[in-house]
Structures are given as structure tokens and as C-alpha cells.
Amino acid sequence: MTHARPVRGLVLVLGLTAVILLVSGCSRGGEKIALQAQGLKWNTTNLQLKAKTRYTLSVANRDGTKHNFTFKAAKANKDVDKNQTTKLNFTAPGPGTYQFYCKYHPAQMTQTVTVS
Ligand SMILES: [Cu+2]
């Protein structure tokens, strides 16, 4: 019985380690990609992604107005305040041609996503 406590402590430490590894694994995101908005324009006209792949997207807003990144097929929708950079995670859908846009300036800021 004298060994019961150290063993329980070890199990607790191992359990906590597993939880920490799981949490950090989930938040690590996926492949890193970047987009920039400047002058009410995206810096790319065609975002190319791999199907069912996890991405961490960094969106830089170089304008003095709020922008937004929306990619409905991946359930991605995030605002980017003026002169700020923000990150978001999403998983690319199946192969196809989609669109991404800024919901505040859709006329000027709608572009293509090609998933292959
Ligand atoms: Cu915008």
C-alpha cells in the first residue's frame, strides 16, 4: 500500500501530459498560408489548396478599414481590423472551384479558391 500514492501520481502526470499533447496538437493548425488585403484588393486572384487539408491562414490587412475573410465552403469567416493581421484555421473542402471574399467589400474583394 505504501507504493499506491507514487503510482497514482505518475498516472496523473502521464494523463496530464497526454491531455497537453492533445490540446497542443489541435491548436497547432495545419499548413501555413498567408493573404494580404491592400487598397481593397487581395494579393491573390486564385487561392490554391489541397482537398481535406488543414490550414492556418494569416490574413494581413494593410488598409485603414476593416476587412474580412469568408470562405463559406470551409466555414471560415473572420474579421480583420484595420492595419492588423489575424490568423484562422480551416479545413479545405473536397476538390472544386469556390470563392473567398471580404463580406464588407464583396464587389472588389471576391476571388477564386481552387481545391485539388
Ligand atoms: Cu474588405
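To start, this report covers the structure provided alongside it. (Residues numbered from 1 in each chain as written. Predicted model: local features only at pLDDT ≥ 70, side-chain atom pairs only at ≥ 80, totals over all residues.)

## With respect to the overall build of the protein
For step 1, the next point in the chain: Counting its regular elements, the protein contains 1 helix and 9 strands.
For step 2, the next point in the chain: Helices (α) and strands (β) of the protein occur, in sequence order from the N terminus, as α-β-β-β-β-β-β-β-β-β.
For step 3, the next point in the chain: Within the protein, buried positions represent 15% of all 116 residues.
For step 4, the next point in the chain: Residue pairs at least 24 apart in sequence account for 56% of intrachain contacts in the protein once pairs closer than 6 positions are excluded. (Helix = DSSP H or I, 4+ residues; strand = E, 2+ residues; numbered from the N terminus. Buried ≥ 20, exposed ≤ 12 C-beta atoms within 10 Å, placed from the backbone. Contact = placed C-beta atoms within 7 Å.)

## Regarding unusual backbone geometry
For step 1, the next point in the chain: We note that Leu40 has phi near 60 degrees; this positive angle belongs to a residue other than glycine.
For step 2, the next point in the chain: When you line up the elements, Leu40 lands in the loop between β1 (31–38) and β2 (41–42).
For step 3, the next point in the chain: The phi angle at Lys52 is positive, at roughly 55 degrees, despite the residue not being glycine.
For step 4, the next point in the chain: Mapping Lys52 onto the fold places it in the loop between β3 (46–49) and β4 (54–61).

## What about the environment of Gly94?
For step 1, the next point in the chain: With respect to the element layout, Gly94 can be found in the loop between β7 (85–91) and β8 (96–101).
For step 2, the next point in the chain: By the C-beta count within 10 Å, which is 9 here, Gly94 ends up exposed.
For step 3, the next point in the chain: Spatially, the C-alpha atom of Gly94 lies 4.8 Å from that of Ala51, the residues being 43 residues apart in sequence.
For step 4, the next point in the chain: In this structure, Gly94 is in contact with Ala51, Lys52 and Val115, ignoring residues within four places of it in sequence.

## What about the pairing of strand β6 (residues 76–80)?
For step 1, the next point in the chain: Taken together, the 5 bridges between strand β5 (residues 67–71) and β6 define a ladder with antiparallel strand orientation. The partner of Phe69 across the bridge, within β6, is Lys78.
For step 2, the next point in the chain: Counted along the chain from β5 to the antiparallel partner β6, the turn is 4 residues long, and its residue Lys75 has a positive phi close to 55 degrees. (Pairing = 2+ DSSP bridges.)

## Some thoughts on the sheet that holds β7
For step 1, the next point in the chain: Here 4 strands make up an open sheet; going across it, the order is β2-β1-β4-β7 and the pairing mixed. Single-partner strands in this sheet number two, and they are β2 and β7.

## Examining the pairing of strand β9 (residues 110–115)
For step 1, the next point in the chain: Relative to β9, β3 runs parallel, the two being bridged by 4 bridges. Bridging across to β9, Gln48 finds its partner in Thr114.
For step 2, the next point in the chain: Looking at chain direction, β8 and β9 are connected through 6 bridges and run antiparallel. What sits directly across from Gln99, in β9, is Thr112.

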